[in-house]
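# Coordinates in review
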Amino acid sequence: GAMEAVLGQVEQLPALVAVCRSALVRAWDPPTLQRALDWGRYFQHLHDRLRARPRLRHAVGQRLRRARPGAPLAFGQLGRCAELLGLALLENRALPPAACRRLLQRLLQPPAARPGRLALLARRKAACCLLEPLRSSPPRSPGGPEPGLAAEAGLLLGRLRDEPPGEPLWLGGVLQQLPQPRAFRVVAAALLLVRQGGGPQQEEEAGAGPLLSWLLEDAERFAAFCQQLPGSLLASLAAHYSQISERYLDLLSGWGSSLLYDPLQGQWVKGCPDEAELSWEELRERFSCLCKGPVMLSRQTQAALKLLKARDGDFQVCGLSVWTDLLLEVEKDLRKR
């Protein structure tokens, strides 16, 4: 009788998996989600108890194959039941925000007593699926941080800090799933969180190192990063990371060198209007943000501009060198502070 009751429960598993993939989860609250995950742990425990008992294992397998609705399951899948349910829910956009947060807590921070497959597989899947905009975020308040961005960056950092030393192979794949500039904003937010956290140096290296490598190893990627993010955010990053400030100044130097002076318009214009380089106004804003940053960054930026001006002929008259004009504009902005 007890075994028949167990088999009756097993027969409901495919239906539970199907529900986790359906729009019915739209009505789930955190306790309902918790009960579904508890059933997953129960079936995993059942698998562990029965795998050494061939007759019972065969009976359970038969019930699973006969069960409806949903695709037939095999006995071995009982051992991955929590993963099956968790991953089905992660991919289901109908899951409400409160239940989604509970799911994240369970999958990204599993109990210490239950390491292993769930901690590895579900956490990787969570990173891939949930480094997207939060699905029901409120509108962004003027001047405030984008809702959900810090949470996404925190998830990414937590995953990186759990990795063994070395660059994680999954990082590029995760970030490629996000549309630009969203991926760039998540990386920028994560890099700033590392510096704001004030944790041990090892933790900073574990979080920032792979992100910096991903960002700087590809010149086109870094150029797109600098084109698509606002100057104020890039200045904050440059203030914290010398690797970024040096490469960013080099990039701005290249973009500035491509500008040409149009005497009819009396201003600097792009040499190739169709190219994705910065305009004069954008370039001025970027340099101005850097010079308004911390003292070290401001001095570094002004020194770079003065060097470029000297190499270009050290002109003092406007319209002859883009670097003369930029330096004059930046110094004028600084005097207004």
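Quick caveat, the model's predicted, so the values are computed rather than measured.

### Overview of the overall build of the protein
Helix and strand counts for the protein come out as 17 helices and 2 strands. In the protein, which comprises 337 residues, the proportion classed as buried is 47%. In the protein, the proportion of contacts linking residues at least 24 apart, taken out of those at least 6 apart, comes to 68%. Surface exposure of the protein reaches about 17,600 Å², of which carbon and sulfur atoms provide 55%.

### Side note on the pattern of salt bridges
Throughout the structure, instances matching the rule amount to 7 salt bridges. Here Arg-284 makes a salt bridge to Glu-329, at a shortest N to O gap of 3.1 Å. Pair noted here: Arg-284 is in helix α15 (residues 280–291) and Glu-329 is in helix α17 (residues 322–336), with a separation of 45 residues, a long-range link. A relative accessible area of 26% places Arg-284 in the partly exposed class. Between Arg-286 and Glu-285 there is a salt bridge, and its shortest N-O distance comes to 3.4 Å. Salt bridges linked by common partners bring Arg-284, Glu-329, Lys-332 and Asp-333 together as one network.

### Brief notes about the confidence of the model for the protein
Per-residue pLDDT for the protein has a mean of 80; in total, 80% of the residues score no lower than 70. Averaged pLDDT values for the elements of the protein fall to 51 in helix α7 (residues 117–130) and rise to 96 in helix α13 (residues 231–240). In the predicted structure, residues 132–145 sits below a pLDDT of 50 and forms 18 contacts with residues beyond four places in sequence or in another chain.

### Re a nonpolar patch on the surface
A cluster of nonpolar side chains, contributed by Phe-315, Val-317 and Leu-320, occupies part of the molecular surface with about 270 Å² of accessible area. Tracing the chain through its elements places Val-317 in the loop between α16 (295–311) and α17.

### A word on the side chain of Thr-324
Relative to the helices and strands, Thr-324 resides in helix α17. By relative accessible area, Thr-324 is classed as buried at 1%. In contact with Thr-324, other than residues within four places in its own chain, are Lys-309, Phe-315, Gln-316 and Val-317.

### Some words on the pairing of strand β2 (residues 267–270)
In this structure, strand β1 (residues 259–262) lies alongside β2, joined through 4 bridges in antiparallel fashion. Directly across from Asp-262, in β2, lies its bridge partner Gln-267. Count of turn residues in the β1/β2 antiparallel hairpin: 4 residues, of which Gly-266 carries a positive phi of about 70°.

### A look at the nonpolar core
Membership of the largest hydrophobic core comes to 61 residues, with the highest contact counts inside it found for Leu-191, Leu-211, Phe-222, Phe-225 and Phe-287. A total of 10 residues in this core trace back to one element, the largest contributor, which is helix α10 (residues 182–197). With residues near it in sequence (within four places) discarded, Phe-287 still touches Leu-249, Leu-252, Thr-301, Leu-305, Trp-323, Leu-326 and Val-330. Core analysis: the second largest hydrophobic core is formed by 32 residues, Trp-28, Leu-37, Phe-75 and Leu-87 among them.

### Remarks on unusual backbone geometry
Positive phi is not limited to glycine here, since Asp-314 has a value of about 55°. Its location among the elements puts Asp-314 in the loop between α16 and α17. By relative accessible area, Asp-314 is classed as partly exposed at 40%.

### Some thoughts on the packing of aromatic side chains
Both the distance between ring centres and the angle between the ring planes are used here to describe each pair of aromatic rings. Counting across every chain of the model gives 8 aromatic pairs. Grouped by ring-pair contacts, the aromatic residues Phe-184, Trp-214, Phe-222 and Phe-225 constitute a single cluster. Above the ring of Phe-222, the side-chain terminus of Arg-247 is found at 5.3 Å from the ring centroid.

### Considerations on the environment of Gly-256
Turning to its location among the elements, Gly-256 is positioned in helix α14 (residues 242–257). Spatially, the C-alpha atoms of Gly-256 and Leu-283 are 7.1 Å apart, while their sequence positions differ by 27 residues. Sequence-distant contacts of Gly-256, defined by excluding residues within four places in its chain, comprise Leu-283, Val-322 and Trp-323.

### Some words on the state of the cysteines
Scanning the model with the defined rule gives 0 disulfides in all. Unpaired in terms of disulfides, Cys-20 finds its nearest cysteine sulfur in Cys-81, a separation of 8.8 Å. By relative accessible area, which is 0% here, Cys-20 ends up buried.

### A few points about the packing of α15 against α16
Contact geometry of α15 with α16 gives a least axis separation of 7 Å together with a crossing angle of 135°. Of the possible angle classes, the one that applies to α15 and α16 is oblique. Seen from α15, the contacting residues are Phe-287, Leu-290 and Cys-291; seen from α16, they are Leu-297, Ser-298, Thr-301, Gln-302 and Leu-305.

### Things to note about helix α4 (residues 54–66)
If you check α4, its first and last C-alpha atoms are 18 Å apart, about what 13 residues at 1.5 Å a residue would give, namely 18 Å. Every buried residue of α4 is accounted for by Leu-56, Val-60, Gly-61, Arg-63 and Leu-64. Taken end-on, α4 shows its buried residues confined to a sector of 160°, consistent with a single buried face. The outward face of α4, more than 90 degrees from its buried face, is lined by the exposed residues Pro-54, Arg-55 and Arg-66.

Reading the values: rules and limits
- Residues numbered from 1 in each chain as written.
- Predicted model: local features only at pLDDT ≥ 70, side-chain atom pairs only at ≥ 80, totals over all residues.
- Heavy atoms only, no water.
- Helix = DSSP H or I, 4+ residues; strand = E, 2+ residues; numbered from the N terminus.
- Buried < 20%, exposed > 50% of the residue type's maximum accessible area, 1.4 Å probe, protein only.
- Contact = heavy atoms within 4.5 Å.
- Areas by Shrake-Rupley, 256 points an atom, 1.4 Å probe, with all protein chains shown as cover.
- Salt bridge = Lys/Arg side-chain N within 4 Å of Asp/Glu carboxyl O.
- pLDDT = per-residue confidence, 0-100.
- Patch = residues over 30% accessible without salt bridge, like charges linked within 9 Å, V, L, I, M, F, W, Y side chains within 5 Å.
- Pairing = 2+ DSSP bridges.
- Core = buried A, V, L, I, M, F, W, Y, C linked by side-chain atoms within 4.5 Å.
- Phe/Tyr/Trp six-rings, centres within 6.5 Å; stacked < 30°, edge-to-face > 60°.
- Lys NZ or Arg CZ within 6 Å of the ring centre and 35° of its normal.
- Disulfide = S-S within 2.5 Å.
- Axes fitted to C-alpha atoms, helices over the stretch in contact; angles between N-to-C directions.
- Parallel < 35°, antiparallel > 145°, perpendicular 65-115°, else oblique.
- Expected span 1.5 Å × (residues − 1).
- Arc of directions from axis to C-beta.

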